[in-house]
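Structural overview for review
The primary structure of each chain is shown beneath.
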Amino acid sequence: MKQTLKNIDVKNKKVIVRVDYNVPLNEKFEVADDERIQRTIPTIKYLLENEASIILISHLGRPKGKYMSKMSLFPVVKHLSDLLNINVKFLKNDCFSEETHKGVAGLKKREICLLENLRFRPEEDGKNLAGIKDEIAMNKFAKKMASMGDIFVQDAFGILHRRQASTIGIVKYVNEVCIGFLVE
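This section reports on the structure supplied with the text. For every chain, the first residue of its written sequence is number 1, and the numbers climb from 1 along that sequence. Owing to the predicted nature of the model, reporting of local features is limited to residues with pLDDT of at least 70; listing and counting of side-chain atom pairs is limited to 80 or more, with chain, interface and lining totals taken over all residues. By convention in this description, side-chain values take in all heavy atoms of the structure and omit both hydrogens and water.

For the rest of this paragraph, the subject is the overall build of the chain. What the chain contains, in helices and strands, is 6 helices and 6 strands. This radius of gyration counts C-alpha atoms alone. The globule rule is 2.2 Å times how many residues there are, raised to the power 0.38. Taken over the C-alpha trace, the chain has a radius of gyration of 15 Å; the compact-globule value for 184 residues is 16 Å, and the two agree within 12%. With the principal axes as the frame, the chain shows a C-alpha extent of 45 × 40 × 30 Å. Within the chain, the proportion of its 184 residues that are buried is 51%. Taking contacts inside the chain between residues at least 6 apart in sequence as the whole, the part at least 24 apart equals 75%. All accessible areas in this document rest on Shrake-Rupley with a 1.4 Å probe, and a residue is counted as covered only by the protein chains that are shown. Carbon and sulfur atoms make up 49% of the accessible area of the chain, which totals about 9,400 Å². Between the centroid of the 31 positive side chains of the chain and the centroid of its 24 negative side chains there is a distance of 3 Å. Only DSSP runs of H or I covering at least 4 residues are called helices, and only runs of E covering at least 2 are called strands; the numbering of each starts at the N terminus. Throughout this description, buried means an accessible area under 20% of the type-specific maximum (1.4 Å probe, protein chains only), exposed means over 50%, and partly exposed covers the range between. By the convention used here, residues are in contact when the closest approach between their heavy atoms is within 4.5 Å. His residues and chain termini do not enter the charge count, which takes Lys and Arg as positive and Asp and Glu as negative. Every charge is mapped to an atom, namely NZ of Lys, CZ of Arg, CG of Asp or CD of Glu.

Here is the structure:
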């Protein structure tokens, strides 16, 4: 049996949560259907109630390892902030950037940040910067993501079958791993 969120002490820990915020956006780049976001709220609220710092990671669309403004997670962070009635920080820089790591390091308990679209990096899909399949590049990316937190929570039911840095890679490098309420 997989370890569940309630089996882990998250108090005062930095928790990386893989969510599936691959949601449709309308012509104004607003969230058109928030069901996938809504389904992660119980996991997020549980972590907030237990004084964790939350690092949300997700993807939007298929940008194939390149930045595309229309696939930014910025509209999602605005929507999530409204749903939770708290300010969710958006770390718009690349996951490898110094600014992102400083932003995550500065999170206090009961604060949330959402990283920019993981699929802007080819390593998320197991490729190197040249677009060639590369397990080493994927694992390096996964290790960099894992270095931001103490615990990894898999709550992205829709992408569990994918062989990506944020699904199979990150679990190798985080101290504790569990499933969130949506996956459970």
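Next comes the rest of the account.
So, on to the nonpolar core. For the purposes of this section, nonpolar cores are sets of buried Ala, Val, Leu, Ile, Met, Phe, Trp, Tyr and Cys residues that join through side-chain atoms within 4.5 Å. In this structure, Tyr-21, Ile-44, Leu-56 and Leu-80 are the most contacted members of the largest nonpolar core, which totals 31 residues. Among the elements of the structure, β1 (14–18), α2 (41–49), β2 (53–57), α3 (74–84), β3 (88–91), β4 (112–115) and β5 (151–154) are those that each provide at least two residues to this core. The greatest single-element share of this core, amounting to 5 residues, is contributed by α2. Those residues within four positions of Tyr-21 in sequence are excluded, and the remaining contacts are Arg-36, Ile-37, Thr-40, Ile-44, Leu-56, Ser-58, His-59, Leu-60, Leu-73, Val-76, Leu-80 and Leu-114.

For α2, every residue scored as buried is listed here: Ile-41, Thr-43, Ile-44, Tyr-46, Leu-47 and Leu-48. On its buried face, α2 sits against β1, α1 (35–38), β2, α3, β4 and β5. At the C-terminal side of α2, Glu-51 shows a positive phi close to 55°.

It is worth spelling out unusual backbone geometry at this point. Although it is not a glycine, Glu-51 adopts a positive phi angle of roughly 55°. Relative to the assigned elements, Glu-51 resides in the loop between α2 and β2. The backbone of Asn-85 shows a phi angle near 60°, a positive value even though the residue is not glycine. Among the structural elements, Asn-85 can be located in the loop between α3 and β3.

For the rest of this paragraph, the subject is the environment of Thr-167. Among the secondary structure elements, Thr-167 is positioned in helix α6 (residues 165–169). With 15 residues separating them in the primary sequence, Thr-167 and Phe-152 have C-alpha atoms 10.0 Å apart. In this view, Thr-167 contacts Gln-154, Ile-159 and Arg-162; residues no more than four positions away in its chain are not counted. Throughout this description, a polar contact denotes any pair of N or O atoms lying within 3.5 Å of each other; where both atoms belong to protein, one of them has to be capable of donating a hydrogen while the other can accept it, and for residues adjacent in sequence the pair is counted only when both atoms sit in side chains. A distance of 3.0 Å separates the side chain of Thr-167 from the backbone nitrogen of Gln-164, its partner in a polar contact.

Next up on the list: helix α4 (residues 98–105). Within α4, burial applies to Thr-100, His-101 and Val-104. Here the buried residues of α4 occupy an arc of 95° about the axis, which is enough to place them on one side. Facing away from the buried side of α4, by more than 90 degrees, are the exposed residues Glu-98, Lys-102 and Ala-105. Its buried side turned inward, α4 meets β1, β2, β3, β4 and α5 (135–146). To be clear, the arc concerns the directions from the helix axis to the C-beta atoms.

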